[in-house]
Amino acid sequence: MIKIIYGPKGAGKTKRLLDAANEEAKGAKGLSVFITDNKRAMYSLDRNIRYIDVTDWDIAGEDALCGFVKGVAACNSDHEYVYIDGVARIAGKPLESLAGIFYMLEKISGENKITITLTCSAAEEELPDFVKKYI
């Protein structure tokens, strides 16, 4: 399953993502991973959630991000939740051009029974159709 947290820049998407991650961690039976491109929220997460700053791994671009998420899923079959804060920012592309990564994330999610939650910086009416289906 893929979930989307959306809104314009400054609307509190990261805070909502952190709150969702911390709440879901309370009842999680599997592992949780929080992926972003900075260290700002590191200490706001439950200690049971693995925090990954992609800049530590030189992840840049849509293919690299998708491959990284595949690697996370492949390294342990116990993953239950993956949170990606700023998917377009990490991919370095506008949201409208990221249909491929959403397709791959949906595939990863379905095959591995992982709930993937992403933040998208856009108002609802600005979201591409391939994103709207996850609202």
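By convention here, each chain's residues receive numbers from 1 onward along its written sequence. Where totals are concerned, whole chains, interfaces and linings use all residues; where local detail is concerned, this predicted model gives features only for residues with pLDDT of at least 70, and gives and counts side-chain atom pairs only at 80 or more. Based on all heavy atoms of the structure, the side-chain values leave hydrogens and waters out of the count.

Examining the packing of aromatic side chains
Each pair of aromatic rings taken from Phe, Tyr and Trp, with Trp reduced to its six-membered ring, is defined by centres within 6.5 Å and is described as stacked if the planes are under 30 degrees apart, edge-to-face if over 60, and tilted in the remaining cases. Under the defined criterion, the tally for this structure stands at 6 aromatic pairs. Pairing Trp57 with Phe68 gives two aromatic rings, centres 6.4 Å apart and planes at 45°, and the pair type is tilted. A residue pair is termed long-range when its members are at least 10 positions apart, and Trp57 in the loop between β3 (49-53) and α2 (62-75) and Phe68 in helix α2 qualify at 11 residues. Relative accessibility decides the category of a residue: with a 1.4 Å probe and only protein chains considered, values under 20% of the type maximum give buried, values over 50% give exposed, and everything between is partly exposed. Residue classification places Phe68 among the buried positions, given a relative accessible area of 16%. By way of ring pairs, the aromatic residues Phe34, Tyr51, Tyr81 and Tyr83 are connected into one cluster. Only DSSP runs of H or I with at least four residues qualify as helices, and only runs of E with at least two residues qualify as strands; both kinds are numbered from the N terminus onward.

Overview of the state of the cysteines
Note that a disulfide, as used here, is simply two cysteine sulfur atoms within 2.5 Å. Enumeration over the complete set of coordinates arrives at 0 disulfides. Cys66 takes part in no disulfide bond, and the closest cysteine sulfur, belonging to Cys120, lies 15 Å away. On the basis of relative accessibility, which here comes to 6%, the residue Cys66 falls in the buried class.

Some words on helix α1 (residues 13-27)
Given the number of residues in a helix, its expected span is that number minus one, multiplied by 1.5 Å. A rise of 1.5 Å per residue sets the reference length of α1, with its 15 residues, at 21 Å; its end C-alpha atoms lie 22 Å apart and thus fit the reference within 8%. Within α1 the residues assigned to the buried category are Lys13, Leu17, Leu18, Ala21, Asn22, Glu24 and Ala25. What makes two residues a contact is simply this: any of their non-hydrogen atoms within 4.5 Å. Its buried side turned inward, α1 meets β1 (2-7), β2 (31-36), β3, β4 (79-84) and β5 (115-121).

Here's the deal with the side chain of Asn38
Topologically, Asn38 is positioned in the loop between β2 and β3. With relative accessibility at 14%, the residue Asn38 sits in the buried group. If sequence neighbours within four positions are ignored, Asn38 has contacts with Tyr51, Asp53 and Arg89.

Keep in mind that these numbers describe shape and distance, not what the molecule does.
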